[in-house]
Amino acid sequence: MSARLRVGLAVVISGIAAASLIRAQTFLTDILLTGEPWAIDVNRLTGRVYVSNRLGPVTVIDEATLSVVGTIDIGPNQGGGSSIAVNWATNRIYWAEQFGPVVVADGNTNATIATLPARHNEGLAVNSVTNRIYVGDFFALVVVDGMTHNVVATVPLDTATGRVAVNDLTNMVYVGSQSSAVIWVIDGATNNLVARIEPGARYVAVSPSTNRIYTSGGYAGFQIMALHRSECTVSG
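These numbers were taken from a predicted model, which means no experiment stands behind them.

A look at the overall build of the protein
Each helix and strand counted, the protein has zero helices and 22 strands in total. Across the 236 residues that make up the protein, the buried fraction comes to 47%. Across the protein, the fraction of contacts at a sequence separation of at least 24, relative to all contacts at a separation of at least 6, is 36%. About 10,900 Å² of surface is accessible on the protein, with carbon and sulfur atoms providing 52% of the total.

Here we look at the sheet that holds strand β13 (residues 140-145)
Across the sheet, four strands lie side by side as β11-β12-β13-β14; this open sheet has antiparallel pairing. Across the chains shown, the open sheet's two edge strands, defined by having one partner strand only, are β11 (124-127) and β14 (151-156). The sheet shows a mean angle of 20 degrees between the axes of neighbouring strands, taken without regard to direction. Note that β13 and β14 share five bridges and pair antiparallel. Directly across from V144, in β14, lies its bridge partner V151.

Looking at the pattern of salt bridges
Think of it this way: side chains of opposite charge can pair up when their charged atoms draw near. Going through the model one piece at a time under the given rule, you end up with five salt bridges. With a shortest N-O distance of 3.5 Å, D106 and R92 are connected by a salt bridge. Taken together, the residues D106 in strand β9 (residues 100-106) and R92 in strand β8 (residues 92-97) connect sequence positions 14 residues apart. Residue class for R92 comes out partly exposed when judged on its relative accessible area of 25%. Across the pair R163 and E122 runs a salt bridge whose closest N-O atoms are separated by 3.2 Å. On the criterion of sequence distance, the pair formed by R163 in strand β15 (residues 161-167) and E122 in the loop between β10 (111-120) and β11 is long-range, its members being 41 residues apart. Given the relative accessible area of 7%, E122 is considered buried. Three or more residues joined by partner-sharing salt bridges are found here, namely E122, R163 and R202.

Section: the confidence of the model for the protein
Looking at the protein as a whole, the pLDDT averages 79, with 77% of positions reaching at least 70. Taken together, the stretch residues 228-236 has pLDDT below 50 and engages in 21 contacts with residues farther than four places along the chain or on a different chain.

Remarks on the sheet that holds strand β7 (residues 82-87)
Across the sheet, four strands lie side by side as β7-β8-β9-β10; this open sheet has antiparallel pairing. Edge positions in the open sheet fall to β7 and β10, since each of these has one partner strand only. Averaged over all adjacent pairs, the angle separating strand axes in this sheet is 20 degrees, with direction ignored. Summarising the sheet, β8 and β9 pair through five bridges and their orientation is antiparallel. Across the sheet, residue R92 finds its bridge partner in β9, namely D106.

Some details on the environment of W95
With respect to the helices, strands and loops of the structure, W95 is situated in strand β8. W95 gets classed as buried once you look at its relative accessible area, which sits at 4%. Spatially, the C-alpha atom of W95 lies 8.2 Å from that of A105, the residues being 10 residues apart in sequence.

A word on unusual backbone geometry
Despite not being glycine, N110 shows a phi value in the positive range, around 60 degrees. Along the polypeptide, N110 turns up in the loop between β9 and β10. A positive phi angle, close to 60 degrees, is found at N191, a residue other than glycine. Residue position: N191 is located in the loop between β17 (183-187) and β18 (192-197).

Rules of the game
- Residues numbered from 1 in each chain as written.
- Predicted model: local features only at pLDDT ≥ 70, side-chain atom pairs only at ≥ 80, totals over all residues.
- Heavy atoms only, no water.
- Helix = DSSP H or I, 4+ residues; strand = E, 2+ residues; numbered from the N terminus.
- Buried < 20%, exposed > 50% of the residue type's maximum accessible area, 1.4 Å probe, protein only.
- Contact = heavy atoms within 4.5 Å.
- Areas by Shrake-Rupley, 256 points an atom, 1.4 Å probe, with all protein chains shown as cover.
- Pairing = 2+ DSSP bridges.
- Axes fitted to C-alpha atoms, helices over the stretch in contact; angles between N-to-C directions.
- Salt bridge = Lys/Arg side-chain N within 4 Å of Asp/Glu carboxyl O.
- pLDDT = per-residue confidence, 0-100.

Structure follows, in structure tokens:
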């Protein structure tokens, strides 16, 4: 099975309805991949793009040439949904299939080097500044030290985790929910649950430069939020 990854340039305007978010888009190319692309992340320092596939290894793409330059063999893949996250500071890549462990790869060699002691349900994110990895483990968020690969905290949650996003400037972690209209807010310095955003959604992303939270999927539709520690206001 093969699929295409479409690459383009887009300018995004915050604070406008979802249908108007993309102001200008320039198509660059399609990249033919083997497998079924599921998740993607980028190392902004090395210019490498990492695409997880439901069937097959992780594909490595060079951002400058837009060509496939390698793969990462992550072991047996059962075809479930997967997550991928990149630590641009350490050049480590983290991949996990649903219901499976988190596999760590070296971005310099594309070789797997470790398996983290956390079971992945949905949601995987990295704080490249603090070198903490956040794994959505069903009804908890597991925090792993990126240097020792040891679990340093487990934050219990009332709902099954959705996607996870990290603001590495504010050191705040956002966890979507699969079954409830809530986003959990966790302080990365203390690993304490400090707030909940309602209505929330399953999918969440954050812009560190603007400290705005983007949510979609299920309960909340699409929202743009300006978040502070104790309050959240919808800005679009």
